[in-house]
Amino acid sequence: MPQIVVPAKAGTHSSSAAHWRAETWTPAFAGATSLGLAERTSIIVQILRLLFFLMIVRPAVLFLLGLYVKREELLPRQGPAIVVANHNSHLDTLVLLSLFPLGLLPKVRAVAAADYFAGEDTTLGWIAKHLIGIIPIRRNASALENMRHDPLKPAADALADGSILIIYPEGTRGTAEKLAKFKNGVAYLVERFPEVPVTPVYLCGLGKAWPKGERWPVPLLCEVFVGAPMRWCGDRIAFIAKLEQRVGELAKLGDFPGWDFEPSAADNKRVLERRK
Amino acid sequence: MRGWFDLSPTLLTALGGIFGLLVVASFIIAALKRARPERDYTELVQRTKSWWLMAAIFTAALLVNRVAALVFLGIVSFLALKEYLSIIPTRRADRRVLFFLYLAIPIQYYWVSIGWYGMFIIFVPVYMLLFLPLPMLIIGETQGFLRAIGTLHWGLMVTVFSLSHAAYTLMLPAAPNAIGEWRDPHTGAALMIYLVVLTQLNDVAQYVWGKLFGRHKIIPAVSPNKTWEGFLGGVLMTTALSATLGPWLTPIDLRNAAILGALLGVAGFVGDVTVSALKRDLGLKDTSQFLPGHGGVLDRVDSLTYTAPLFLHYVRYFCY
């Protein structure tokens, strides 16, 4: 495994060390005895994150959306573990994080697209990194870049540190309430950690509450179906196929209808363009 | 701010009666469990637990003040509308229209809170009806337009307009009760308790009579578990209870209370099977799992969506 350390931006103040960096998750960091500025900042950020979930995210998810969880007891209650879910909406991560007890929250991290969320100085970037606690992963990098910089390292480090990772193998939010083909990244990750359980989850309804391309969410109910945890089976292609099949089975349990009169992709584009 | 101390003794007795009933129900279930432990009472226990919770929140909202009670009912409308919009097929193009549906809730309850009857009665059936196509026209998706406008407005009528009638009973003016004992400053609260308690007890009575004596199916294509025995038994019980409670708790006299009891019994049944038909059409058993043992909010208030308008208009015409 190539050892890479993403260099901190030249000239940044040390308080920004809480920004994602590979070292943040190394055990050596966790073992530091005296509290430096970075640690203190990270404690404050952790408290902010807890408050953010307690005061804003959970009430919004429970009251404005409304959540029905089937077989919640199958969710992992300790790390390291991986939760694999379908992805239709920005709400997915907030809903999944709300399923875990607050005490576990510091351990639960969602893997997200670095190009979308990890802008250094944007508000969205700050919220995503610190309050939501995403682990940014570079997608769409060239094969050469991937050989030089292991794209899965931040996720692997988090797993090694005992985190519960949320991964969306579809790679993007895609079409509302439709399951896209899974990408292979999660198989590469599980191959490195064959002991880690992988729990399939299907989220139903969030693609209607806040689909890709819409500015605002609307209050609609959401169902969460949790499947039995899976283990590494020794083969990447077979593993992804199995995972895809499991999530697909859970998808059939959903009660909520998809879009009415959903036109073809071309028509959809026409409607969206007309609306601009 | 109104406190329990300035509620009339009748009203407090009525509230006490609700919880008395719940205590009795809980004891009966405990006795059943002891007598026949081999049977499964999970749903019954869950149901009763949910009843306790609903009664507690409803009472608390009524006791705080009128605004709290209106907010509570507004939230019930919101939860019911959200359930409805989640289970029906909607068009992607109509997401913005859904915003306006939700927005109609605070507006409609505002008309209630200022007691503007004319606006309250016309806002959803006329102005929302006329307004809702507008955002759809601007978005410009015509495929499925008729179905969308029909389903969305029907949902708004049932979950917001109908339910807000229950809220409007709070605004009815103070009057002595029919037997002339108390001049209750909170006639509205008494009327609302009367409406809600009778409607819910009618549901329970129809269910229990049906379970005990049900033989002849009444409407098998829509709701196979409903029987003539349950329906008639429920209506009879509700009529009797209404005749007993009405003149004592509210300004409704004996004759009107008996007629209202029968009306509420029948209307409650129709509301119940209407939502059943909706669920059957959509292939669902419950509208959600919001209330353990009951199903969704819409499952719980289905009969109220029919009884509330009938009750309000009957009382306004005949009892004032």
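Computed from a predicted structure; not experimentally measured. (Residues numbered from 1 in each chain as written. Chains lettered and ligands numbered in written order. Predicted model: local features only at pLDDT ≥ 70, side-chain atom pairs only at ≥ 80, totals over all residues. Heavy atoms only, no water.)

1. A look at the environment of Pro135(B)
Residue and element names in this part refer to chain B. Secondary-structure assignment places Pro135 in helix 6 (residues 133-139). Taking relative accessible area as the criterion, Pro135 reaches 10% and is therefore assigned buried. Note: C-alpha distance between Pro135 and Asp94 (41 residues apart in sequence) is 8.3 Å. Every residue in contact with Pro135, bar those within four places of it in the chain, is listed here: Val97 and Phe100. (Helix = DSSP H or I, 4+ residues; strand = E, 2+ residues; numbered from the N terminus. Buried < 20%, exposed > 50% of the residue type's maximum accessible area, 1.4 Å probe, protein only. Contact = heavy atoms within 4.5 Å.)

2. Considering the interface of chain A and chain B
Residue-level contacts link 33 residues of chain A with 30 residues of chain B. For the interface between chain A and chain B, the tally reads 1 salt bridge. Between Glu214(A) and Arg95(B) there is a salt bridge; the shortest N-O distance is 3.3 Å. Counting across the chain A and chain B interface gives 10 residue pairs in polar contact (both at pLDDT 80 or more). Where the side of chain A that touches chain B is concerned, the elements lending two or more residues are helix 2 (37-65), strand 1 (67-70), helix 9 (206-209) and helix 11 (265-275) of chain A. Among the residues forming the side of chain A that touches chain B, the class breakdown is 21 nonpolar, 3 polar and 9 charged. (Salt bridge = Lys/Arg side-chain N within 4 Å of Asp/Glu carboxyl O. Polar contact = N/O pair within 3.5 Å; in protein donor to acceptor, adjacent residues only side chain to side chain. Nonpolar A, V, L, I, M, F, W, Y, C, P; charged D, E, K, R; others polar.)

3. Concerning helix 7 (residues 153-160) of chain A
All names here are of chain A. The element helix 7 is largely enclosed, with a buried count of 7 among its 8 residues. Residues of helix 7 that are buried: Lys153, Pro154, Ala155, Ala156, Asp157, Ala158 and Leu159. Buried-residue contacts for helix 7 involve strand 2 (81-85), strand 3 (108-113), strand 4 (135-137), strand 5 (164-167) and helix 8 (185-192). A positive backbone phi angle near 90 degrees is found at Gly162, which sits one or two residues after helix 7.

4. So, the environment of Leu129(B)
Residue and element names in this part refer to chain B. On the secondary structure map, Leu129 appears in helix 5 (residues 117-131). Counting along the chain gives 20 residues from Leu129 to Ile149, while the straight-line C-alpha distance between them is 8.6 Å. Beyond its immediate sequence surroundings of up to four residues, Leu129 is in contact with Val124 and His153.

5. Looking at the packing of helix 7 (residues 145-168) of chain B against helix 11 (residues 297-318) of chain B
All names here are of chain B. At a minimum axis distance of 8 Å, the contact between helix 7 and helix 11 shows a crossing angle of 55 degrees. Of the possible angle classes, the one that applies to helix 7 and helix 11 is oblique. Relative to helix 11, the crossing made by helix 7 is left-handed. On the side of helix 7, the interface is formed by Val158, Thr159, Ser162, Leu163, His165, Ala166 and Tyr168, while helix 11 contributes Leu298, Val301, Leu304, Thr305, Ala308, Pro309, Leu312 and His313. For the contact of helix 7 with helix 11, a count of residues per class yields 10 nonpolar, 5 polar and no charged. (Axes fitted to C-alpha atoms, helices over the stretch in contact; angles between N-to-C directions. Parallel < 35°, antiparallel > 145°, perpendicular 65-115°, else oblique. Left-handed = near helix turned anticlockwise from the far one by under 90°.)

6. Some words on the side chain of Gln200(B)
Residues and elements named next belong to chain B. Relative to the helices and strands, Gln200 resides in helix 8 (residues 187-213). Residue classification places Gln200 among the buried residues on the basis of a relative accessible area of 10%. Polar side-chain contacts of Gln200 include one of 3.1 Å to the side chain of Arg300. Ignoring any residue separated from it by four or fewer positions in sequence, one finds Gln200 in contact with Trp51 and Arg300.

7. A short note on the confidence of the model for chain A
All names here are of chain A. A residue-level look at chain A finds 80% of positions with pLDDT of 70 or above and a mean pLDDT of 79. Confidence over residues 1-32 falls short of pLDDT 50; this stretch has 44 contacts with residues more than four positions distant or in other chains. This stretch, residues 264-268, has a pLDDT under 50; its non-local contacts, to residues over four places away or in other chains, come to 3 contacts. (pLDDT = per-residue confidence, 0-100.)

8. Considering helix 2 (residues 42-64) of chain B
All names here are of chain B. Over its 23 residues, helix 2 runs 33 Å from end to end, which matches the ideal 33 Å to within 8%, given 1.5 Å per residue. Those residues of helix 2 lying buried are Thr48, Ser50, Trp51, Met54, Ala55, Phe58, Thr59, Ala61 and Leu62. Contacts made by the buried residues of helix 2 are with helix 1 (9-35), helix 3 (66-87), helix 8 and helix 11. (Expected span 1.5 Å × (residues − 1).)

9. Quick notes on the pattern of salt bridges
Residue and element names in this part refer to chain B. Taken as a whole, this structure holds 12 salt bridges over all chains when the rule is applied. Arg300 serves as the salt-bridge partner of Asp203, at 2.7 Å between the closest nitrogen and oxygen. Here Asp203, found in helix 8, pairs with Arg300, found in helix 11; they are 97 residues apart in sequence, far enough to count as distant. The pair formed by Asp203 and Arg300 is uniform in burial state, with each residue classed as buried.

10. Thoughts on the sheet that holds strand 6 (residues 198-204) of chain A
All names here are of chain A. With respect to topology, 7 strands assemble into an open sheet ordered 1-7-6-2-5-3-4, the strand pairing being mixed. Edge positions in the sheet fall to strand 1 and strand 4, since each has one partner strand and no second. Recorded for the sheet is a direction-independent mean angle of 25 degrees between the axes of neighbouring strands. Packed on one face of the sheet, helix 3 (residues 91-98) meets strand 1, strand 2, strand 3, strand 5, strand 6 and strand 7 (222-226) and runs near 120 degrees to strand 6. Most of the contacts of helix 7 go to strand 4, to which it runs at about 145 degrees, and overall it touches strand 2, strand 3, strand 4 and strand 5. (Pairing = 2+ DSSP bridges.)

11. Concerning the packing of aromatic side chains
Under the criterion given, the structure shown has 20 aromatic pairs over all chains. For the pair Phe100(B) and Phe131(B), a centre-to-centre distance of 5.1 Å together with 75 degrees between the ring planes defines the contact as edge-to-face. Here Phe131(B) lies in helix 5 and Phe100(B) lies in helix 4 (residues 95-113), a separation of 31 residues in the sequence. The class for Phe100(B) is partly exposed, based on a relative accessible area of 29%. The exposure class of Phe131(B) is partly exposed, given its relative accessible area of 30%. Between the aromatic rings of Phe120(B) and Tyr168(B), the centroid separation amounts to 4.5 Å while the plane-to-plane angle is 20 degrees, which identifies the pairing as stacked. Pair noted here: Phe120(B) is in helix 5 and Tyr168(B) is in helix 7, with a separation of 48 residues, a long-range link. Considered together, Phe120(B) and Tyr168(B) belong to a single accessibility category, that of buried residues. Through successive ring pairs, a cluster of aromatic residues spans Tyr110(B), Trp111(B), Trp116(B) and Phe123(B). The aromatic ring of Phe63(A) is capped on one face by Lys82(B), whose charged end is 6.0 Å from the ring centroid. Note that Arg316(B) overlies the ring of Tyr117(B), its terminal NZ or CZ placed 3.5 Å from the centroid. (Phe/Tyr/Trp six-rings, centres within 6.5 Å; stacked < 30°, edge-to-face > 60°. Lys NZ or Arg CZ within 6 Å of the ring centre and 35° of its normal.)

12. Digging into the state of the cysteines
Residue and element names in this part refer to chain A. Considering all chains together, one arrives at 0 disulfides over all chains under this definition. Of all cysteine sulfurs, the one in Cys222 lies closest to Cys204, which takes part in no disulfide; the gap is 7.6 Å. The exposure class of Cys204 is buried, given its relative accessible area of 3%. (Disulfide = S-S within 2.5 Å.)

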